[in-house]
Amino acid sequence: MPSDMKCNIAQHHIPIKRITRQEKIKTNDMKKTLTTIAAAFMAFAGCITARADEGMWLPSLISQRITDMQEKGFRLSAEDIYSINQASLKDAVVLFGRGCTGELVSPEGLLLTNHHCGYSQIQQHSSVEHDYLRDGFWAMTREEELPNKGLTVSFLERMDDVTSIILKGYEPTMTEDQRVELVKNNSQALIEEVTKEGNGLRATVEALYYGNQYFLFLYREYSDVRLVGAPPSSIGKFGGETDNWMWPRHTGDFSMFRIYADKDNNPAPYSKDNVPYKPKKYFKVSTKGVKEGDFTFIYGFPGSTREYIHSEGVRYIEEISDPHKVHIRTLRLDIMNKYMGQSQAVRIQYSSKKAGVANAWKKWQGEMKGIRKMKTVATKQAYETAFKKWAKGTEYEGLVEKIDAIYRELEPYSYAADYYTETVRTVEIANAAMSVARIFSAETFDARRLEETLSAFYKDYHLPIDKECFIAVMNEYEKNMPAESKPEYYKAQMEKYGSIAAWAEDLFSNSIYADRAKAQTLTEADKEAVLADPAFIFFNEFLKWYSTEVLPHTRRLNQDLQLAYRDYMRGQMDFAEATDGKAGREAFYPDANLTLRVAYGKIQGYNPADGVYYEPSSTLTGIIEKDNPEIFDYNIPQNLRDIYAEKDFGRWADGNGEVPVCFIATNHTTGGNSGSPIIDADGNLIGINFDRVWEGTMSDIVFDPEICRNISLDVRYLLFVIDKVADADHLIEEMTLVD
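Residues numbered from 1 in each chain as written. Predicted model: local features only at pLDDT ≥ 70, side-chain atom pairs only at ≥ 80, totals over all residues. Heavy atoms only, no water.

Helix and strand counts for the protein come out as 26 helices and 22 strands. Taking 27 Å as the expected radius of gyration for a compact globule of 739 residues, we find that the protein reaches 26 Å, a close match to that expectation. Along the first, second and third principal axes, the C-alpha atoms of the protein reach 70 × 70 × 60 Å. Every one of the 739 residues in the protein was classed for burial, and the buried ones make up 57%. Contacts in the protein between residues far apart in sequence, at least 24 positions, make up 78% of those at least 6 positions apart. Taken as a whole, the protein presents about 30,600 Å² of accessible surface, with 49% of it coming from carbon and sulfur. Averaging the coordinates of the 87 positive side-chain charges in the protein and doing the same for the 109 negative ones gives two points 3 Å apart. (Helix = DSSP H or I, 4+ residues; strand = E, 2+ residues; numbered from the N terminus. Rg over C-alpha atoms; globule rule 2.2 N^0.38 Å. Buried < 20%, exposed > 50% of the residue type's maximum accessible area, 1.4 Å probe, protein only. Contact = heavy atoms within 4.5 Å. Areas by Shrake-Rupley, 256 points an atom, 1.4 Å probe, with all protein chains shown as cover. Lys, Arg positive; Asp, Glu negative; His and termini not counted. Charge placed at Lys NZ, Arg CZ, Asp CG, Glu CD.)

Here we take up the packing of helix α19 (residues 500–510) against helix α22 (residues 534–586). At a closest axis distance of 8 Å, the pairing of α19 and α22 adopts a crossing angle of 120 degrees. Accordingly, the angle class assigned to the pair α19 and α22 is oblique. Contacts from W503, L507 and N510 of α19 reach α22 at P534, A535, F538 and F542. Grouping the amino acids of the contact of α19 with α22 by side-chain chemistry returns 6 nonpolar, 1 polar and no charged. (Axes fitted to C-alpha atoms, helices over the stretch in contact; angles between N-to-C directions. Parallel < 35°, antiparallel > 145°, perpendicular 65-115°, else oblique. Nonpolar A, V, L, I, M, F, W, Y, C, P; charged D, E, K, R; others polar.)

Positionally, N186 belongs in helix α8 (residues 176–194). Engagement of the side chain of N186 in a polar contact is seen with the backbone oxygen of I165, the distance being 3.4 Å. Ignoring anything within four residues of it in the chain, the contact list for N186 reads I165, I166, L167 and K168. (Polar contact = N/O pair within 3.5 Å; in protein donor to acceptor, adjacent residues only side chain to side chain.)

A few words now on the pairing of strand β3 (residues 110–113). What you see with β3 is no split at all: L110 and L112 on one side and L111 and T113 on the other are buried throughout. Where strand β2 (residues 100–104) and β3 come together, 2 bridges link them in antiparallel fashion. When the bridges of β3 are listed, E103 appears paired with L112. Here β2 folds back onto β3, and the loop between the two strands holds 5 residues, one of which, G109, carries a positive phi near 75 degrees. (Pairing = 2+ DSSP bridges.)

Considering all chains together, one arrives at 52 salt bridges under this definition. Linking K263 and D264 is a salt bridge whose minimum nitrogen-to-oxygen distance equals 3.5 Å. D264 carries the same exposure label as K263, and that label is exposed. A salt bridge links R556 to E409, with the shortest nitrogen-to-oxygen separation between them at 3.2 Å. With a gap of 147 residues between them, R556 in helix α22 and E409 in helix α14 (residues 399–422) connect regions that are remote in the sequence. Assessed through its relative accessible area of 34%, R556 is described here as partly exposed. By relative accessible area, which is 36% here, E409 ends up partly exposed. (Salt bridge = Lys/Arg side-chain N within 4 Å of Asp/Glu carboxyl O.)

Looking at the protein as a whole, its pLDDT mean stands at 92, while 93% of the residues score no less than 70. A low-confidence stretch, residues 1–52 stays under pLDDT 50, and its non-local contacts, those more than four residues away or across chains, total 89 contacts. (pLDDT = per-residue confidence, 0-100.)

Here, the word disulfide means a covalent bond between the sulfur atoms of two cysteines. Per the counting criterion, the structure on display carries 1 disulfide. The disulfide partner of C100 is C117, and the S-S distance across this bridge is 2.2 Å. Residues C100 and C117 are joined by a disulfide whose S-S torsion is about -80 degrees; by sign, that bridge is left-handed. With C100 in strand β2 and C117 in the loop between β3 and α5 (119–124), this residue pair connects regions lying 17 residues apart in the sequence. For the pair C100 and C117, a shared accessibility class is recorded, and that class is buried. (Disulfide = S-S within 2.5 Å.)

Looking now at the packing of helix α11 (residues 311–340) against helix α13 (residues 376–391). In contact at an axis separation of 9 Å, α11 and α13 are set at 170 degrees when each is read in the N-to-C sense. Taken as axis vectors, α11 and α13 run roughly antiparallel relative to one another. Along its contact with α11, which presents S311, V314, R315 and E318, the element α13 presents T376, V377, K380, Q381 and E384.

Further remarks concern the side chain of S618. Along the chain, S618 turns up in strand β17 (residues 617–619). Within the structure, the side chain of S618 is placed 2.6 Å from the backbone oxygen of R249, a separation counted as a polar contact.

This next bit is on the pairing of strand β18 (residues 660–665). Taken across its 6 residues, β18 has 6 buried, putting it largely inside the fold. Sheet topology places β17 next to β18; 3 bridges connect them, and they run antiparallel. When the sheet's bridge partners are listed, S618 is paired in β18 with C662. Here 4 bridges tie β18 to strand β21 (residues 710–714), and the two strands are oriented antiparallel to one another. Its bridge partner being in β21, I664 is matched across the sheet by I711.

Moving on to helix α25 (residues 715–725). Extensive coverage of α25 is indicated by the burial of 10 of its 11 residues. Along α25, the positions that sit buried rather than exposed are V715, R716, Y717, L718, L719, F720, V721, I722, D723 and V725. Following α25 by one or two positions, D727 has its phi on the positive side, about 55 degrees.

Mapped onto the secondary structure, V183 falls in helix α8. A sequence separation of 18 residues divides V183 from I165, and the C-alpha atoms of the two residues are 9.1 Å apart. Look past the residues within four positions of V183 in its chain and what remains in contact with it is I166, L167 and Y214.

It is worth spelling out the environment of M474 at this point. Secondary-structure assignment places M474 in helix α17 (residues 463–480). Residue classification places M474 among the buried residues on the basis of a relative accessible area of 0%. As a C-alpha pair, M474 and F720 span 246 residues in sequence and 47 Å in three-dimensional space.

Within the largest apolar cluster, 113 residues are counted, with the highest numbers of intra-cluster contacts made by Y717 and F720. When residues in this core are grouped by element, the largest group, 9 residues, is from α22. Once residues lying within four places of it in the same chain are set aside, the contact partners of F720 are L620, L640, I643, D648, F649, W652, V659 and V725. (Core = buried A, V, L, I, M, F, W, Y, C linked by side-chain atoms within 4.5 Å.)

It helps to recall that an α-helix has 3.6 residues per turn; residues three or four apart then point in one direction. The first and last C-alpha atoms of α17 sit 26 Å apart over 18 residues, in line with the 26 Å expected at 1.5 Å per residue. Where α17 is concerned, the buried positions are I465, D466, C469, F470, A472, V473, M474, E476 and Y477. (Expected span 1.5 Å × (residues − 1).)

Turning next to the packing of aromatic side chains. Here the structure, examined in full by the defined rule, presents 51 aromatic pairs. With centroids separated by 6.5 Å and ring planes inclined at 40 degrees, the aromatic side chains of Y219 and F301 adopt a geometry described as tilted. Of the two residues, Y219 is situated in strand β8 (residues 213–222) and F301 in the loop between β13 (295–300) and α11; the sequence distance between them amounts to 82 residues. Accessibility expressed as a relative area gives 2% for Y219, which makes it buried. For F301, a relative accessible area of 0% puts it in the buried group. Connected via pairs of aromatic rings, a cluster forms that spans Y420, F470, Y477, Y489, Y490, Y497, W503, F508, F538, F542, W545 and Y546. Residue placement shows R65 over the ring face of W57; its charged tip is 4.1 Å from the ring centre. Seen from the ring of Y350, K353 lies directly overhead, with NZ or CZ sitting 4.3 Å from the centre. (Phe/Tyr/Trp six-rings, centres within 6.5 Å; stacked < 30°, edge-to-face > 60°. Lys NZ or Arg CZ within 6 Å of the ring centre and 35° of its normal.)

Written out as structure tokens, the structure reads:
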């Protein structure tokens, strides 16, 4: 969201038609479903029972769950999981970049994460001459390890409940804007205080339970992180988008990095004089294998969940948002696939971009299916009916109805924002034009920054893809946005050109950025041409429309929602306590927000459909069965075929003579848990989380313990690939293996 752009906010209503809503459950239908308040309470009790098998728990409060964990097989203590007084498992886990997790596996700073988490770094180091995406990369010496500009890893030093500090000075008579300002100022003061020593410290204050509680998270960040190893994409992304989110899975989704520090083990910018980081704690690697029923837990940084939202929020996702976004992204992916199949260079350029588009595209499909299968909207409506009956005469009376009304008003703006994001903001040439315009509009012109911006853009740009995608997505905008909701600029362009195709032809023919050589001759004297460029005008005019006609209303209504949800979250807890005592209240874990969490469960298969049961493990045999040299995503390296033919598995075969590849478990995960360590009952590493099953991707909204499964790489396959495929067993020698 372009919140850094200055604009005049017009406080008038955008004339967007209300999206037709499917008829809600009628009152008499609800009465048939819930004939008594007791029936409604039973429905609610069922939700609480399900919550007992899910959860993303704060490590600092894990003592509240440790008894349950130990009853299910865990053999360590709460202090082993999280401690600020001694080294604990938290010290072996990092936030990798700004959206994945990684784990330390050696005393020399060796780090594991997913292949897809390190994908952009692997791609940046790749070229047609050195195609590390296709061929893999293995540093055989420390000198061969590759630095990665901009990549950081962050260790959590500690987390503290700071609610009283953040709300100091709050008065009930304050407006929400005043409260927001108070929270912002108190948070900033606290962050400055705890990070004043510098030395890589950074901190965030995060709201939990919709602002009913605040936690400080203090990190130490390292910026010298070097690529050590990555398998070929035919292993690391085996199955590509076809297998993404699916089970059984056979993807060797891992990459290896090393953290470097100065001679005192402190964070330092990249330098040849830096040395491998010495961790407080690293994971021992278990080679004994897993079986169904084994206890597992996951330690990582889940990104975002919305487990407690109102039925109207779920309905919009299921019926409107996800279907439209999936359709638009399908068009883009088809275009990318066409051009990537024609050229190795284009395939390298767009591999990371395509993965970014496809990941959410497929996830949303499973999410829709899961929400419908679980009848989530109807279940939440039943719960809300029970809540309303209970809330009469309390401070929560009328709250459910208030949230419903806010969603009704918000929906057309959310729809407009979805279309803006999935169409206008995806045009690559327009994004480049805006980036350059910002350089020219700065107080001081930065020629070096201009050169770097253009070089980065053209390295991974193919104009035919961008132009064809422009036509496809803007045609969807034309068809699906109400006429009175479209910007005047858009209407004028359509009147001028008559069609999206004609508009695209003119824009891509006349933009400076359609000609790399011309763009790279820009100088400070060309500001007028930069600001008159049609690609910039396209971006900027839509931005002004969005900033004045949509964003103010979404901000206002989302703030209203935030305030209502703060009360609703507290009300749900009080309702649970009234229904189920203290146990009901303790079933509420905070929604994920990219802060360190623990989830636990067990290795377990599932039934995706009637008469079908999926075993919890996959093997190398499944890779060979899928192997197809004619399909890029299934064309495995020849030496892997040879190893399988000769059954040269070494010590990595299981008791059945098979090489295990992946497994599934009941751990509650989401985006951000990519790369998270999967740990056994003794705290040893048994796998690396990388996905969820397609049928369970609704778990960000509603968790079904019968079908929600996280997918992990079995660490034995990782060791097998390093040893047998890469011949890089010096990396294994760094690790501590345990049976």
